[in-house]
Amino acid sequence: MTKRTVVVFGGGGYVGAVLTPMLLAEGYTVRVFDTFWYGKAVFTGEALNPNLELIAGDIRDLEAVTSALKGATDVIHLACISNDPSFDLDPALGKSINLDSFAPLVKIAKQSGVHRFIYASSSSVYGVKVEEKVTEELSLEPLTDYSRFKANCEEIILAAHTSDFRCTVLRPATVCGVSSRQRFDLSVNILTNHAVNLKKITVFGGSQFRPNLHIQDMARAYLHVLAQDKKIDGAIFNVGGENLSLDQIALKVQKQIDLNLEIHHSDTDDLRSYRVDSSKILDELGFKPIYSVDQAIADLQKAFVKDNYNNSLENSMYFNIKRMKELSLA
Ligand SMILES: NC(=O)c1ccc[n+]([C@@H]2O[C@H](COP(=O)([O-])OP(=O)(O)OC[C@H]3O[C@@H](n4cnc5c(N)ncnc54)[C@H](O)[C@@H]3O)[C@@H](O)[C@H]2O)c1
């Protein structure tokens with residue numbers, strides 16, 4: 001196999017920090033292109049790997065993007081203002097990063113001779129669905145600009161697909177578990193952090209179903225798709241593990257952390273409830289998650305016991321919205 005060079009835009013984030021060492025271990029040369037809002041320290045051992053290059057840059061800077069893509073064979077695009085609240089801090093900034101920068105970046109990737117482009121969309125593009133099985137066939141009803149722009153970018157990348165520039169969209173569930181760029185603003189991680197450090201679990205709503213995916217499985221999915229041939233051409237795949245209600249997640253956290261913890265309920269306006277069906281990626285590509293939400297909670301618990309986090313309830317490095325405010329990005 002010819003040596004492949006993967007540019008991971010946004011590779012310094014929660015998912016990228018787990019994915020990058022796995023790409024290196026598989027023999028890929030990796031260029032992580034990121035603004036590094038969460039620092040470069042997320043890569044410690046890997047930073048010494050001669051096959052890893054860390055490029056500090058902004059995806060809106062087309063010269064920097066052009067230079068990063070020279071000689072690259074593959075792109076994984078993760079760079080994003082990556083949740084609704086941080087997007088809403090400054091919608092103009094969010095749009096410039098999450099949508100406006102995308103078509104020019106895709107054009108440069110194509111001109112640079114990249115063969116394969118994987119775009120990180122989100123299962124939130126479906127909005128609220130009554131169907132038991134939310135498959136890739138269903139219409140998109142994004143409820144927020146964050147999700148709407150994900151859907152717009154899907155259209156842009158799929159329109160650019162050719163047999164020389166193979167494009168694939170993944171729609172991941174909400175990710176959970178440990179990363180060297182930890183996020184504590186995602187449902188399983190929030191509840192586990194609160195259970196360990198506040199000794200209580202507060203659930204907003206409770207009956208709403210959400211799809212979840214262990215972070216190791218998220219990274220495995222990118223590797224799996226990267227290793228495929230024609231089957232991924234111009235295709236969209238949901239990637240989810242367990243669909244669980246927030247109450248079910250709370251019970252899992254209670255069981256793992258401490259059965260004596262009380263579960264409190266609070267009202268919420270966010271009654272989005274949906275279950276994502278991931279049988280297409282299994283049937284067509286043979287990809288199956290092998291980790292569980294229980295495992296993610298156990299991994300987080302171990303990391304807390306090892307004292308891996310510094311003030312996990314407050315530290316802005318773990319909360320996208322806080323970090324953006326701190327950097328005066330919005
Ligand atoms: N984490 C999840 O639960 C989840 C679920 C579905 C989809 N996704 C998608 O997966 C991708 C990765 O998510 P994550 O959890 O790792 O997010 P993250 O916020 O931890 O990482 C995003 C990275 O992008 C970088 N970035 C932001 N703007 C940039 C810019 N203008 N130029 C260069 N780099 C920039 C940030 O510094 C950060 O390192 C995102 O696109 C997200 O929308 C994530």
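Residues numbered from 1 in each chain as written. Predicted model: local features only at pLDDT ≥ 70, side-chain atom pairs only at ≥ 80, totals over all residues. Heavy atoms only, no water.

Caption draft 1: Spatial organisation of the sheet that holds strand β9 (residues 209–214). Overall, mixed pairing links the three strands, which are arranged β7-β9-β11 in an open sheet. Two strands bound the open sheet, and with one partner strand each, they are β7 (174–176) and β11 (242–245). Adjacent strand axes in the sheet meet at a mean angle of 45 degrees when their direction is disregarded. By the bridge criterion, four bridges tie β9 to β11 in an arrangement that is antiparallel. Counterpart to Pro 211 in the pairing with β11 is Asn 243. (Pairing = 2+ DSSP bridges. Helix = DSSP H or I, 4+ residues; strand = E, 2+ residues; numbered from the N terminus. Axes fitted to C-alpha atoms, helices over the stretch in contact; angles between N-to-C directions.)

Caption draft 2: Representation of the site of the ligand in the model. Taken together, 31 residues form the shell around the ligand, and within it Asp 34, Ser 82, Tyr 146, Arg 181 and Arg 183 come nearest. Here an oxygen atom of the ligand and a side-chain polar atom of Asn 320 are 3.0 Å apart. Protein burial of the ligand: of its 830 Å² of free accessible surface, 98% is covered by the chains. At the level of elements, α1 (14–25), α6 (145–159) and β7 are the ones that each hand at least two residues to the shell around the ligand. Tallied by class, the residues present in the shell around the ligand amount to 16 nonpolar, 10 polar and five charged. (Near = heavy atom within 4 Å. Polar contact = N/O pair within 3.5 Å; in protein donor to acceptor, adjacent residues only side chain to side chain. Areas by Shrake-Rupley, 256 points an atom, 1.4 Å probe, with all protein chains shown as cover. Nonpolar A, V, L, I, M, F, W, Y, C, P; charged D, E, K, R; others polar.)

Caption draft 3: Focus on the environment of Ser 121. Along the chain, the position of Ser 121 falls in the loop between β5 (116–120) and α6. Aside from chain neighbours lying at most four places away, what touches Ser 121 is Lys 150, Glu 154, Val 169, Leu 170, Arg 171 and Pro 172. Only 2.6 Å separates the side chain of Ser 121 from the side chain of Glu 154, close enough to count as a polar contact. (Contact = heavy atoms within 4.5 Å.)

Caption draft 4: Just the pattern of salt bridges, in detail. Per the stated rule, a full pass over the model turns up 17 salt bridges. With a shortest N-O distance of 3.9 Å, Arg 116 and Asp 74 are connected by a salt bridge. Residue Arg 116 is located in strand β5, and its partner Asp 74 is located in strand β4 (residues 74–77); the two are separated by 42 residues in the primary sequence. Relative accessible area serves as the criterion here: at 9%, Arg 116 is assigned to the buried category. Salt bridges sharing common partners tie together Arg 4, Asp 74 and Arg 116. (Salt bridge = Lys/Arg side-chain N within 4 Å of Asp/Glu carboxyl O. Buried < 20%, exposed > 50% of the residue type's maximum accessible area, 1.4 Å probe, protein only.)

Caption draft 5: How the structure looks around helix α7 (residues 187–197). Of all the 11 residues making up α7, eight are buried; the element is thus mostly covered by neighbouring parts of the structure. Buried within α7 are the following residues: Ser 187, Val 188, Asn 189, Leu 191, Thr 192, Asn 193, Ala 195 and Val 196. Among the structural elements, α1, β7, β8 (201–204), β9, α9 (246–257) and α11 (293–305) are those in contact with the buried residues of α7. Positive backbone phi, approximately 60 degrees, marks Lys 199, located one or two places after α7.

Caption draft 6: Local environment of the nonpolar core. Judged by nonpolar contacts, the single largest core of 41 residues is most densely connected at Leu 19, Leu 23, Ile 76 and Tyr 222. For this core, the secondary-structure elements that each account for two or more residues are β1 (5–9), α1, β2 (29–34), β5, α8 (215–226), β10 (235–239) and α10 (279–285). If we ignore the near neighbours within four places in the chain, the residues touching Ile 76 are Val 6, Val 7, Val 8, Phe 9, Leu 19, Leu 23, Ile 118, Tyr 222 and Leu 226. Membership of the second largest hydrophobic core comes to 38 residues, among which are Ile 55, Val 65, Leu 69 and Cys 167. (Core = buried A, V, L, I, M, F, W, Y, C linked by side-chain atoms within 4.5 Å.)

Caption draft 7: How the structure looks around the layout of surface pockets. Counted as a void, the second largest pocket has a volume near 250 Å³. In terms of lining residues, the second largest pocket is bounded by 14 residues, among which Val 42, Ser 180, Arg 181, Gln 182 and Tyr 318 are the most central. Per-class residue counts for the lining of the second largest pocket are eight nonpolar, five polar and one charged. (1 Å grid on protein atoms, 1.4 Å probe; cavity = no way out; pocket = protein on both sides within 12 Å on 5 of 7 lines; lining within 4 Å. Points joined across faces, edges and corners; volume = space filled by probe spheres on them.)

Caption draft 8: Expanded view of the sheet that holds strand β6 (residues 166–172). Here we have seven strands laid out as an open sheet, ordered β3-β2-β1-β4-β5-β6-β10, and parallel in their pairing. Both outer strands of the open sheet, β3 (52–56) and β10, are each paired with one neighbouring strand and no more. Strand-to-strand twist across the sheet, computed as the mean angle between neighbouring axes with direction ignored, equals 15 degrees. Bridging between β1 and β4 involves four bridges; their strand directions are parallel. In the strand pairing of β4, Val 7 is matched with Val 75.

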